[in-house]
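What follows is the residue order along each chain.
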Amino acid sequence: MGETSIDLQPDRSKSSALKRLATVIELRCVECASLYPGISDQPRYRCDCGGVLDVETTIHYPLKQEPASQKEIETRKTSESDVNVFAGVHWRQLFKERASQSIAWSVNAHEHLPNSSGVWRYRELILPVPEKFIVSRPEGNTGLYPVGRENCGNHRSGHRRIGQYAELDYLYLKHEGENPTGSFKDRGMTVGVTMANLLGARAVACASTGNTSASLASYAAQLGLPGIVFLPATNVAAGKLAQSLAYGATTIQIEGDFDDAMRLVEQVCKDLGIYLLNSLNPFRIEGQKAIGFELLQQLEWKAPDWLVLPAGNLGNTSAIGKAFRQAHRLGLIARVPRIASIQASGANPFFRSYMSGFSHREHVQAQTIATAIKIGDPVSYSRARLVIEESNGIVEEVTDEEILAAKTVIDRSGIGCEPASAATLAGVRKLVKRGVIKREEQVVGILTGNLLKDSQTGIPQLKRGDVITASFEAVKKSLTNKLSF
Ligand code: F0G
């Protein structure tokens, strides 16, 4: 089938917003450094050499206090490489004001957009677009739980068990499962769907292990745009599949795994003129950077020693690493945290490449109970490699048994997460045991998805034989057995 134009239909107000945007963003190939326009008639996701692309933005600092109309805002060009301690003070002040104004729980939350979004609060560093085009739930504003042996605080002995398990004094878990659709994907999706809105796309699509599809389905439905999701026919957690179907996305199950679905969706989007919303789309990465900005703001811009996260397609490693690099260059933080990407040992191509000193890129046939990260050929390999090298980071692998054991600890603490997220704690524990992370170092771990996404894996299931008669005596006997009353 021949290549079809994407059938973009931006109206006049969108066209002028796009023109303005085109003056401040460009796309650079991560492999060969070729430069492309940030906005073009035909969306570009790859360089001619096949490499993935990275958004380069000329960042403007708004000089006047908000509120100010677009025209009233005088701007000063701040190059990212222009390390300026004073700039850091201004940015911190700006983000503090915006966070204090945000009323995310108000019925009128949309009136407080973009400040009530934990993504658009950092808009100059994400995507400078006029507010009226933003498609947001809003997202972000996720909890940062102190769970270390020392930083846990009183009356939280359940949470402290996580620190005891990791044998760490200063550990935080940032729970991205608290986003609107239950995973970190919403942060990239609000930006991706906002771009689809601006570009006048007629439909959006992605391949997914379940969370990206749930997020795409929700944001596409909000905008009133057809959403198409490609899922492996097996190994997608029931909660995630239910979300895509409930939000009304056209859900295509394919015989094959995520890597097959990914190859297919890239071809389908190109040939049928559909806007691609996998993290191959560099604007998704820009949105996910907000995890990094938000956690740094929660820590009052004191960078932790380590950031630990699960790694599959490697979009998130790339995004958080980029956020830390930008935050450092803009003077927001004094040093860049080391990043540890954790893979499941049955789905570990990035770990294998790392172990070879990144001398070559590995592929595997992925197999793990953590289905969200069951990926053998990660799209953002070169972006993530750069992050690991730049941050003096590390890639580690953990077994399915280690993931399930860590999940039980997180679940029993009352915080809870989906299996892939628990790779974070399993990885922290392993790196502490190996002496790579020192016991007194400050560590932030990312929990990427909500417990309810997967109600089966690693969760004790009740059996039919557990049902008792509805009598006080039967209850008393049961409790005596279970709790030794
Ligand atoms: N954790 C969860 C819960 C995920 O859903 C994913 C990725 C990851 C970690 C890994 O993040 O790919 O940026 O390295 N899920 C994608 C999806 C692949 O389709 O939902 P990554």
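Residues numbered from 1 in each chain as written. Predicted model: local features only at pLDDT ≥ 70, side-chain atom pairs only at ≥ 80, totals over all residues. Heavy atoms only, no water.

A. Focus on the sheet that holds strand 12 (residues 306-310). The strand order 6-7-15-12-13-14 describes an open sheet built from six strands, whose pairing is mixed. A single partner strand is all that each edge strand has here, and the edge strands are strand 6 (144-146) and strand 14 (394-398). Here the strands of the sheet are splayed against their neighbours by 25° on average, with no regard to which way each runs. Two strands pair when backbone bridges link them, and strand 6 and strand 7 (residues 170-175) are joined in this way by three bridges, in the antiparallel orientation. By the bridge assignment for strand 7, Leu144 is matched with Lys174. The sheet strands contacting helix 8 (residues 282-298) are strand 6, strand 7, strand 12 and strand 15 (442-447), and the helix crosses strand 7 at an angle near 135°. Across the sheet, helix 12 (residues 400-412) is in contact with strand 13 (338-344), strand 14 and strand 15; its angle to strand 14 comes to roughly 90°. (Pairing = 2+ DSSP bridges. Helix = DSSP H or I, 4+ residues; strand = E, 2+ residues; numbered from the N terminus. Axes fitted to C-alpha atoms, helices over the stretch in contact; angles between N-to-C directions. Contact = heavy atoms within 4.5 Å.)

B. Focus on the site of the ligand. Around the ligand, 19 residues are found, and the nearest of them are Ser208, Gly312, Asn313, Asn316 and Thr448. Contact between the ligand and Lys185: a nitrogen atom at 3.1 Å from a side-chain N or O atom of the residue. Against a free-state accessible area of 480 Å², the protein chains account for coverage of 99% of the ligand. Every element with two or more residues in the shell around the ligand is listed here: helix 5 (211-223) and helix 9 (315-329). Its residues assigned to classes, the shell around the ligand comprises seven nonpolar, 10 polar and two charged. (Near = heavy atom within 4 Å. Polar contact = N/O pair within 3.5 Å; in protein donor to acceptor, adjacent residues only side chain to side chain. Areas by Shrake-Rupley, 256 points an atom, 1.4 Å probe, with all protein chains shown as cover. Nonpolar A, V, L, I, M, F, W, Y, C, P; charged D, E, K, R; others polar.)

C. Region of the structure containing unusual backbone geometry. Cis geometry is adopted by the peptide bond preceding Pro138, which originates at Arg137 and carries an omega value of 5°. With respect to the secondary-structure elements, Pro138 resides in the loop between helix 2 (85-101) and strand 6. Even without a glycine there, the phi angle at Glu167 is positive, about 60°. Looking at the secondary structure, you find Glu167 in the loop between helix 3 (157-166) and strand 7.

D. Expanded view of helix 3. The complete set of buried residues in helix 3 reads His159, Ile162, Gly163, Tyr165 and Ala166. End-on view of helix 3: buried residues confined to an arc of 160°, all on one side of the axis. In this structure, the buried side of helix 3 is in contact with strand 6, strand 7, helix 12 and helix 13 (419-433). Just beyond helix 3, the residue with positive phi is Glu167, at close to 60°. (Buried < 20%, exposed > 50% of the residue type's maximum accessible area, 1.4 Å probe, protein only. Arc of directions from axis to C-beta.)

E. Local environment of the pattern of salt bridges. In this structure the tally under the stated criterion is 23 salt bridges. Among the ionic pairs, Arg149 bridges to Asp169, the shortest N-O distance being 2.9 Å. Here Asp169 lies in the loop between helix 3 and strand 7 and Arg149 lies in the loop between strand 6 and helix 3, a separation of 20 residues in the sequence. The exposure class assigned to Arg149 is partly exposed, which follows from its relative accessible area of 29%. Asp169 sits in the buried class, given a relative accessible area of 18%. (Salt bridge = Lys/Arg side-chain N within 4 Å of Asp/Glu carboxyl O.)

F. Geometry of the environment of Ala340. Looking at the element boundaries, Ala340 is found in strand 13. On the basis of relative accessible area, Ala340 is assigned to the buried category, the value being 0%. Beyond its immediate stretch of four places on either side in the chain, Ala340 contacts Trp306, Leu307, Val308, Leu309, Ile394 and Leu431.

G. Main features of the nonpolar core. Core analysis: the largest hydrophobic core is formed by 102 residues, its most contacted members being Trp91 and Tyr275. For this core, the element with the highest residue contribution is helix 4 (residues 185-199), accounting for seven residues. In this view, Trp91 contacts Ile59, His60, Tyr61, Pro62, Glu124, Leu125, Leu330 and Leu332; residues no more than four positions away in its chain are not counted. By size, the runner-up hydrophobic cluster in this structure holds 37 residues, among which are Ala166, Leu173, Ala406 and Ala420. (Core = buried A, V, L, I, M, F, W, Y, C linked by side-chain atoms within 4.5 Å.)

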